[in-house]
Amino acid sequence: MTNKYLVARNDLQHAADWQPETAHSDVRTEVEDSIAKRLTEIMTTVADFGYESATVNLHDLQDYVREDVIGHYQFLFRKNPQLRDQLVLTNEMPLSVFNTMAQAAVASILEDSDYDYSFHTDGEVQIFWH
């Protein structure tokens, strides 16, 4: 017997309001920018130690980016109340949706770059620049 609170399989066959594809474009852009900045920080620091690749834990990256984006909108909201929708969307977005959006952004950023990379099943991505 299926639990009454578990979504039915048929209900997953159509789009819902909280899918990453429908996230506000400003929020998605802010997430992508934050990821690119953080990847740059990690890669340059690792390169400064003489290594030719960096392994990035996606869970840590997602946590950092979520806090960064929420902080960004909290700061801007003080001067621009019209950003309320972006702040609420970012703050209230379920973590799994945010993580899906962040992982898709990492893949997109790396796909568009000239770096070699490899995703690992343990939640990490390795970036090469040799």
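Summarised in this report is the structure supplied together with it. Starting from 1, residues in each chain are numbered consecutively following that chain's sequence as written. In keeping with the predicted nature of the model, local features appear solely for residues at pLDDT of at least 70, side-chain atom pairs appear and are counted solely at 80 or more, and the whole-chain, interface and lining totals rest on all residues. Each side-chain value is worked out from all heavy atoms of the structure, with water and hydrogens disregarded.

## Here we look at the nonpolar core
We define a nonpolar core as any set of buried Ala, Val, Leu, Ile, Met, Phe, Trp, Tyr and Cys residues linked to one another through side-chain atoms lying within 4.5 Å. Here the term buried applies to any residue with accessible area under 20% of the maximum for its type, exposed to any over 50%, and partly exposed to those in between, with areas from a 1.4 Å probe on protein chains only. Membership of the largest hydrophobic core comes to 24 residues, with the highest contact counts inside it found for Val31, Ile35, Leu39, Leu61, Val65, Phe98 and Val106. Those elements giving two or more residues to this core turn out to be α1 (25-48), β1 (53-57), α2 (58-79), α3 (84-92), α4 (95-111) and β3 (124-128). Only DSSP runs of H or I reaching four residues or more are called helices, and only runs of E reaching two or more are called strands; each is numbered from the N terminus. If one sorts the elements of this core by residue count, α4 sits on top with 7 residues. By definition in these notes, contact holds between two residues if any of their heavy atoms fall within 4.5 Å. Those residues within four positions of valine 31 in sequence are excluded, and the remaining contacts are Val65, Val69, Phe98, Met101 and Ala102.

## Things to note about the sheet that holds strand β2 (residues 116-120)
For two strands to be treated as a pair, DSSP must find no fewer than two bridges joining them. Ordered in space as β1-β3-β2, the 3 strands form an open sheet in which the pairing is antiparallel. Looking at which strands have only one partner, the edges of the open sheet turn out to be β1 and β2. For this sheet, the mean inter-axis angle between neighbouring strands, taken without regard to orientation, is 15°. Looking at chain direction, β1 and β3 are connected through 5 bridges and run antiparallel. Bridged to alanine 54 within β3 is isoleucine 127. Along the sheet, α1 makes contact with β1 and β3, crossing β1 at roughly 140°. Running over the sheet, α2 touches β1, β2 and β3 and is turned about 70° from β1. What counts as an axis is a line fitted to C-alpha atoms, over the stretch in contact for a helix, and the angles between N-to-C directions run from 0 to 180 degrees.

## Overview of the pairing of β2
Pairing geometry for β2 and β3, over 5 bridges, is antiparallel. Bridge pairing in β3 links tyrosine 117 to isoleucine 127. Where β2 folds back onto β3 in an antiparallel hairpin, the turn is made up of 3 residues, including glycine 123, whose phi is positive at roughly 85°.

## What to know about the pattern of salt bridges
It is possible for side chains of opposite charge to pair when their charged atoms get near one another. Should a side-chain nitrogen of Lys or Arg be within 4 Å of a carboxyl oxygen of Asp or Glu, the pair is scored as a salt bridge. In total, this model carries 1 salt bridge according to the counting rule given. Glutamate 41 is paired through a salt bridge with arginine 38; the nearest N and O atoms lie 2.9 Å apart. In this pair, glutamate 41 and arginine 38 both sit in helix α1, 3 residues apart, roughly one turn of the helix.

## A few points about the packing of aromatic side chains
Under the pairing criterion, centres of Phe, Tyr and Trp rings, with the six-membered ring standing for Trp, must be within 6.5 Å; the plane angle then separates stacked pairs below 30 degrees from edge-to-face pairs above 60, leaving the rest tilted. Under the criterion given, the structure shown has 1 aromatic pair. Geometrically, the ring pair formed by tyrosine 117 and phenylalanine 119 is edge-to-face, given 5.8 Å between the ring centres and 85° between the ring planes. The class for phenylalanine 119 is partly exposed, based on a relative accessible area of 36%. Counted as over-ring charges are cases with an Arg CZ or a Lys NZ within 6 Å of the ring centre that also lie within 35 degrees of the ring normal. Here the guanidinium or amino end of arginine 38 rests over the ring plane of tyrosine 64, the centre of that ring lying 4.1 Å away. Sitting over the ring of phenylalanine 98, arginine 66 keeps its end group 5.4 Å from the ring centre.

## Looking at the packing of α1 against α2
The geometry of a pair of packed helices is captured by two quantities: the angle between their axes and the separation between those axes. Following both chains from N to C, one finds α1 and α2 inclined at 125°, their axes separated by 9 Å at the closest point. It follows from the interaxial angle that α1 and α2 lie oblique. For the element pair α1 and α2, the recorded crossing hand is right-handed. Seen from α1, the contacting residues are Asp26, Val27, Glu30, Val31, Ser34, Ile35, Arg38, Leu39 and Glu41; seen from α2, they are Leu61, Tyr64, Val65, Asp68, Val69, His72 and Tyr73. Three residue categories are used. Nonpolar comprises Ala, Val, Leu, Ile, Met, Phe, Trp, Tyr, Cys and Pro, charged comprises Asp, Glu, Lys and Arg, and polar comprises the others, including Gly. Grouping the amino acids of the contact of α1 with α2 by side-chain chemistry returns 9 nonpolar, 2 polar and 5 charged. Note on angle classes: values under 35 degrees are labelled roughly parallel, values over 145 roughly antiparallel, values of 65 to 115 roughly perpendicular, and the remainder oblique. Here a crossing is called left-handed whenever its near helix is offset anticlockwise from the far helix by less than a right angle, and right-handed whenever the offset is clockwise.

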